[in-house]
Amino acid sequence: MKAVIAEINLKALVHNALAIRAMVPDSKIVAVVKANAYGHGLFAVAETLDPYVDALAVARIDEALSLRERGIQKPIILLEGFFEPADLPLIEKHHLLTAVHDMEQVEWIEKSDVKGPLQCWMKIDIGMHRLGASPEDVATLKARLEACPKVAKPLGLISHLSVADTPSEFNYNREQIDYFLEVAKDFTGDLCLANSAGILFWPKSHTAWVRPGIILYGVSPFEDRVGADFELEPVMTLKSSLIAIRRLKKGAKVGYGAAWTAPEDTVIGVVATGYGDGYPRMAPNGTPVWVKGRIVPSVGHVCMDMMFVDLGLNATEKVGDEVILWGKEVPVEKVAALCGTIPYELLCRVMPRVDTRYVKDGA
């Protein structure tokens, strides 16, 4: 028996892709599969989504090349662009689309030996201040790219919303969208702006292409909502089992640092999951865990390989019973919120020793 299993429901993945398609019927869909498809498995996710999306997006060229080696022929966009001139022949050979976000990249294209034309999306900074041409550089960068014979025409335009998932930043989000659309007036190529939060909450950001990430995996980008609120289904269920049952007297101190003291006589269960599997050590006492059909609270510090749950004095659970750390029964969004982080991090940090199993149509 495997101690921890990440069960990936491919039927739920397809459900979410179709739900997103219904939300943006006039846009093409770029499925974001970077970071091992947010921890869900790059190849299985890409191959499952292939019939339902129009392109894939990754952060780095090695992710794109591994997809090509796997036989994926869909357009693949490099969201961070390329990191050195040596990447350009690979981009050309494997027909990748790339973001171009600064003048240094333009100079690398101009001086390269590639024949092209390379499919490029000019990336502008609309408020994230991470990657992208600043307002004073937009015209120059655009002119150089359009003058370069190695760059395909018409030129695309891409950017990223930094506060679409933060409703309190309504005005700043509106400013970002308006600025992008103003710059877009000078472009005749494809436009790509909306991320997951933009798709759900900001219809004005729905351009010719949209870029769902976390919602593909059934997870909400908003801290006060879960995927089910948008009729999305969680794709990952993190499972384990009870490996010990312990009866405790009132006042017994549990785990490292005596982080929890039993307020009364009780029964605790030891779960074969810890931070060495990717479950967050910072999970506080009371974090919900599903055990044999009911929610029980975690107690004590999460260990490297194990954690504790309070089953209560009248517990009927036994060794071997299934435990769900997150999934439909326990939304990962709620676990993340209690841990002071975001669900993206929890999904991406599931460790290699966890057994990943793919389920489709119940098999």
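Look up: the structure comes first, before these words.
All values reported here derive from a predicted model rather than from experimental measurement.

Caption draft 1: Up close: the packing of helix 3 (residues 42-49) against helix 4 (residues 61-69). Where helix 3 contacts helix 4, the two axes come as close as 11 Å, and the packing angle between them is 60 degrees. The way helix 3 lies across helix 4 gives a crossing that is right-handed. Contacts from Leu 42, Phe 43 and Ala 46 in helix 3 reach Glu 63, Ser 66 and Leu 67 in helix 4. Classifying every residue of the contact of helix 3 with helix 4 gives 4 nonpolar, 1 polar and 1 charged.

Caption draft 2: Focus on the pattern of salt bridges. Tallied over the full model, the rule gives 16 salt bridges. Put simply, Glu 322 and Lys 239 hold a salt bridge, and the shortest N to O gap is 3.5 Å. With Glu 322 in strand 17 (residues 322-326) and Lys 239 in strand 10 (residues 236-248), the pair connects residues that are 83 residues apart, well separated along the chain. Relative accessible area serves as the criterion here: at 36%, Glu 322 is assigned to the partly exposed category. Exposure remark for Lys 239: the relative accessible area of 16% places this residue in the buried category. Connected via shared salt-bridge partners are Glu 7, Lys 239 and Glu 322.

Caption draft 3: Examining helix 8 (residues 170-184) more closely. In a regular helix each residue adds 1.5 Å, so 15 residues correspond to 21 Å; helix 8 covers 21 Å between its end C-alpha atoms and thus fits that length. Against the buried residues of helix 8 lie helix 7 (138-147), strand 7 (156-158) and strand 8 (191-192).

Caption draft 4: Just empty space enclosed by the protein, in detail. This model, assessed by the stated rule, comprises 1 cavity of 30 Å³ or more. Residues of the lining of the largest cavity, tallied by class, amount to 4 nonpolar, 2 polar and 3 charged.

Caption draft 5: Inspection of unusual backbone geometry at higher detail. Gly 116 connects to Pro 117 through a cis peptide bond whose omega is 0 degrees. Examined against the element boundaries, Pro 117 turns out to sit in the loop between helix 6 (103-111) and strand 6 (119-123). Each neighbour pair has its own omega, and for Lys 153 with Pro 154 the value is 5 degrees, a cis peptide bond. Looking at the secondary structure, you find Pro 154 in the loop between helix 7 and strand 7. One non-glycine residue, Ala 37, lies in the positive phi region at around 55 degrees. Residue placement: Ala 37 occurs in helix 2 (residues 34-39). At His 129, a position not held by glycine, the phi torsion is positive, near 60 degrees. The class of His 129 is exposed, set by a relative accessible area of 63%.

Caption draft 6: Focus on the environment of Ala 336. Checked against the element boundaries, Ala 336 lands in helix 10 (residues 332-338). Of the residues examined, Ala 336 reaches a relative accessible area of 0% and is grouped as buried. With 256 residues separating them along the chain, Ala 336 and Glu 80 place their C-alpha atoms 26 Å apart.

Caption draft 7: Structural view of the layout of surface pockets. Taken as a whole, the largest pocket spans an internal volume of roughly 910 Å³. If you go around the largest pocket, you meet 36 residues; those closest to its centre are Tyr 38, His 160, Asp 165, Ile 342 and Tyr 344. Within the lining of the largest pocket, the residues separate by chemical class into 20 nonpolar, 8 polar and 8 charged. For the second largest pocket, the calculated volume is near 370 Å³. Lining the second largest pocket are 26 residues, and of these Glu 233, Pro 234, Gly 327, Lys 328 and Glu 329 sit closest to its centre. Contributing elements (two or more residues each) for the lining of the second largest pocket: strand 1 (5-9), strand 10, strand 17 and helix 10. Broken down by element, the residue count for the lining of the second largest pocket peaks at 3 residues, all from strand 10. Per-class residue counts for the lining of the second largest pocket are 14 nonpolar, 6 polar and 6 charged.

Caption draft 8: Just the packing of aromatic side chains, in detail. All told, the structure shown has 9 aromatic pairs when counted by the stated rule. Each ring, one from Tyr 38 and one from Tyr 344, has its centre 6.2 Å from the other, and the planes form 40 degrees; the classification is tilted. Here Tyr 38, found in helix 2, pairs with Tyr 344, found in helix 11 (residues 343-348); they are 306 residues apart in sequence, far enough to count as distant. Of the residues examined, Tyr 38 reaches a relative accessible area of 8% and is grouped as buried. For Tyr 344, a relative accessible area of 24% gives the class partly exposed. On the basis of an interplanar angle of 20 degrees and a centroid distance of 6.2 Å, the ring pair of Tyr 279 and Trp 326 is categorised as stacked. Within this pair, whereas Tyr 279 is found in the loop between strand 13 (266-271) and strand 14 (288-291), its partner Trp 326 is found in strand 17, the two being separated by 47 residues in sequence. Its relative accessible area of 0% is what places Tyr 279 among the buried residues. Counting every residue linked through ring pairs, the aromatic cluster contains Phe 170, Phe 201, Trp 202, Phe 222 and Phe 230.

Caption draft 9: How the structure looks around the packing of helix 6 against helix 7. The interhelical angle for the contact between helix 6 and helix 7, taken along N-to-C directions, is 10 degrees, at an axis separation of 10 Å. The pairing of helix 6 with helix 7 is recorded here as roughly parallel in orientation. Note on packing geometry: the crossing formed by helix 6 with helix 7 is left-handed. Only Thr 140, Leu 141, Arg 144 and Leu 145 of helix 7 make contact with helix 6, whose side of the interface consists of Met 103, Val 106, Glu 107 and Glu 110. In terms of residue class, the contact of helix 6 with helix 7 is built from 4 nonpolar, 1 polar and 3 charged.

Definitions and limits used
Residues numbered from 1 in each chain as written. Predicted model: local features only at pLDDT ≥ 70, side-chain atom pairs only at ≥ 80, totals over all residues. Heavy atoms only, no water. Axes fitted to C-alpha atoms, helices over the stretch in contact; angles between N-to-C directions. Helix = DSSP H or I, 4+ residues; strand = E, 2+ residues; numbered from the N terminus. Left-handed = near helix turned anticlockwise from the far one by under 90°. Contact = heavy atoms within 4.5 Å. Nonpolar A, V, L, I, M, F, W, Y, C, P; charged D, E, K, R; others polar. Salt bridge = Lys/Arg side-chain N within 4 Å of Asp/Glu carboxyl O. Buried < 20%, exposed > 50% of the residue type's maximum accessible area, 1.4 Å probe, protein only. Expected span 1.5 Å × (residues − 1). 1 Å grid on protein atoms, 1.4 Å probe; cavity = no way out; pocket = protein on both sides within 12 Å on 5 of 7 lines; lining within 4 Å. Points joined across faces, edges and corners; volume = space filled by probe spheres on them. Phe/Tyr/Trp six-rings, centres within 6.5 Å; stacked < 30°, edge-to-face > 60°. Parallel < 35°, antiparallel > 145°, perpendicular 65-115°, else oblique.

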